[in-house]
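# Structural description and commentary
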Amino acid sequence: MSRQQLDFLFLNVGHFLDHLFMLVFATVAALKLTNEWGMSYAELIPYATPGFIAFGLCALPAGWIADKWSREGMMTVFFFGIGVASLLTAMASTPMEIGAGLFLIGVFGAIYHPVGLAMVVQGRTRTGIPLAINGIFGNMGVASAALLTGFMIDSSSWESAFVIPGLMSIAIGAAYVVYLIS
């Protein structure tokens, strides 16, 4: 696999994870927290709102930092940051704590689109197919979020639905760092 193909693979996996992380909570809330915390789904969902707001608003500073500092550096921050934020979310025992964790997931998730998409098209004259492939990976994150989260909940616990992807993102971030320095 060429260096360009490996770089593209990391960016595609990042897009998958970005959308996966943003939707884990909806399934966790529906399948587990309504019973465990004795709250309705309608009462739980507002705790996700700050994370979605951060996902949108923090894209601006993320793009600015990437342009001023380093796109590769920001992608590294993305993989590690969203992974750690997911692990912290798994430790939540109250709605406010899970809301804070989801906010952090949104902050780090905001990095991907202005940084990862810029990297997908960087140096290319034909951008349609690379963007389409990258979009498929993002959409597969959306499409599989409920399925994967439900599987992890059934196999273990609601916390595992945050821990397993969090650890995977950190591992991918470590692999990305090795790739960058090699």
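Structural data are supplied above this passage.
Residues numbered from 1 in each chain as written. Predicted model: local features only at pLDDT ≥ 70, side-chain atom pairs only at ≥ 80, totals over all residues. Heavy atoms only, no water.

### A closer look at the overall build of the protein chain
Of regular secondary structure, the protein chain possesses nine helices and zero strands. Reading the helices (α) and strands (β) of the protein chain from amino to carboxyl end gives α-α-α-α-α-α-α-α-α. Computed over C-alpha atoms, the radius of gyration of the protein chain comes to 16 Å, within 12% of the 16 Å expected from 2.2 N^0.38 for 182 residues, which places it in the range of a compact globule. Oriented by its inertia axes, the alpha-carbon framework of the protein chain measures out at about 55 × 30 × 30 Å. A buried classification covers 46% of the 182 residues belonging to the protein chain. Entry remark: accessible area of the protein chain is about 8800 Å², with carbon and sulfur atoms responsible for 70%. For the protein chain, the centre of its 6 positive side-chain charges and the centre of its 9 negative side-chain charges are spaced 19 Å apart. (Helix = DSSP H or I, 4+ residues; strand = E, 2+ residues; numbered from the N terminus. Rg over C-alpha atoms; globule rule 2.2 N^0.38 Å. Buried < 20%, exposed > 50% of the residue type's maximum accessible area, 1.4 Å probe, protein only. Areas by Shrake-Rupley, 256 points an atom, 1.4 Å probe, with all protein chains shown as cover. Lys, Arg positive; Asp, Glu negative; His and termini not counted. Charge placed at Lys NZ, Arg CZ, Asp CG, Glu CD.)

### Details of the packing of aromatic side chains
Scanning the model with the defined rule gives eight aromatic pairs in all. Between the aromatic rings of tryptophan 37 and tryptophan 158, the centroid separation amounts to 6.1 Å while the plane-to-plane angle is 80 degrees, which identifies the pairing as edge-to-face. Linking tryptophan 37 in the loop between helix 1 (3–36) and helix 2 (41–44) with tryptophan 158 in the loop between helix 8 (128–155) and helix 9 (160–181), this pair joins segments that are 121 residues apart in sequence. The residues tryptophan 37 and tryptophan 158 share a single accessibility class, namely buried. Among the aromatic residues, those joined into a ring-pair cluster are Phe10, Phe78, Phe79, Tyr112, Tyr176 and Tyr179. Over the face of the ring belonging to tyrosine 179 we find arginine 3, whose NZ or CZ atom lies 4.2 Å from the ring centre. In this arrangement the basic side chain of arginine 124 is found over the ring face of phenylalanine 8, its NZ or CZ atom lying 5.2 Å from the centre. (Phe/Tyr/Trp six-rings, centres within 6.5 Å; stacked < 30°, edge-to-face > 60°. Lys NZ or Arg CZ within 6 Å of the ring centre and 35° of its normal.)

### Some thoughts on helix 3 (residues 49–57)
Quick reminder: α-helices carry 3.6 residues per turn. Residues three or four places apart thus point the same way. Turning to helix 3, its buried residues number three or more, namely Gly51, Ala54 and Phe55. Angularly, the buried residues of helix 3 cover 105 degrees about the axis, an arc narrow enough to put them on a single face. Looking at the packing, one finds that the buried side of helix 3 touches helix 1, helix 4 (59–68), helix 6 (95–109) and helix 7 (112–121). (Arc of directions from axis to C-beta. Contact = heavy atoms within 4.5 Å.)

### Considerations on the environment of serine 86
Position of serine 86 among the secondary structure elements: in helix 5 (residues 71–90). Judged by its relative accessible area of 1%, serine 86 is buried. For the pair serine 86 and methionine 22, spaced 64 residues apart in sequence, the C-alpha to C-alpha distance is 10.0 Å. In this structure serine 86 touches Phe21, Ile105, Phe162 and Gly166, once residues within four positions along its chain are discounted. At a separation of 2.7 Å, a polar atom in the side chain of serine 86 contacts the main-chain carbonyl oxygen of phenylalanine 162. (Polar contact = N/O pair within 3.5 Å; in protein donor to acceptor, adjacent residues only side chain to side chain.)

### Structural notes on a nonpolar patch on the surface
A grouping of Val84, Leu88, Met91, Phe103 and Leu104 is seen on the molecular surface, where their side chains present a nonpolar patch of about 440 Å² in accessible area. Contributions of two or more residues to the nonpolar patch are made by helix 5 and helix 6. Assignment of secondary structure puts methionine 91 in the loop between helix 5 and helix 6. Methionine 91 sits in the exposed class, given a relative accessible area of 60%. (Patch = residues over 30% accessible without salt bridge, like charges linked within 9 Å, V, L, I, M, F, W, Y side chains within 5 Å. Salt bridge = Lys/Arg side-chain N within 4 Å of Asp/Glu carboxyl O.)

### Quick look at the packing of helix 3 against helix 6
Packing of helix 3 against helix 6 leaves a shortest axis separation of 7 Å and a crossing angle of 15 degrees. Between helix 3 and helix 6, the angle is such that the two are roughly parallel. In the packing of helix 3 onto helix 6, the handedness of the crossing is right-handed. When helix 3 is examined against helix 6, the residues Pro50, Gly51, Ala54 and Phe55 are found in contact with a partner set consisting of Leu102, Phe103, Gly106, Val107 and Gly109. For the contact of helix 3 with helix 6, the class distribution of residues is six nonpolar, three polar and no charged. (Axes fitted to C-alpha atoms, helices over the stretch in contact; angles between N-to-C directions. Parallel < 35°, antiparallel > 145°, perpendicular 65-115°, else oblique. Left-handed = near helix turned anticlockwise from the far one by under 90°. Nonpolar A, V, L, I, M, F, W, Y, C, P; charged D, E, K, R; others polar.)

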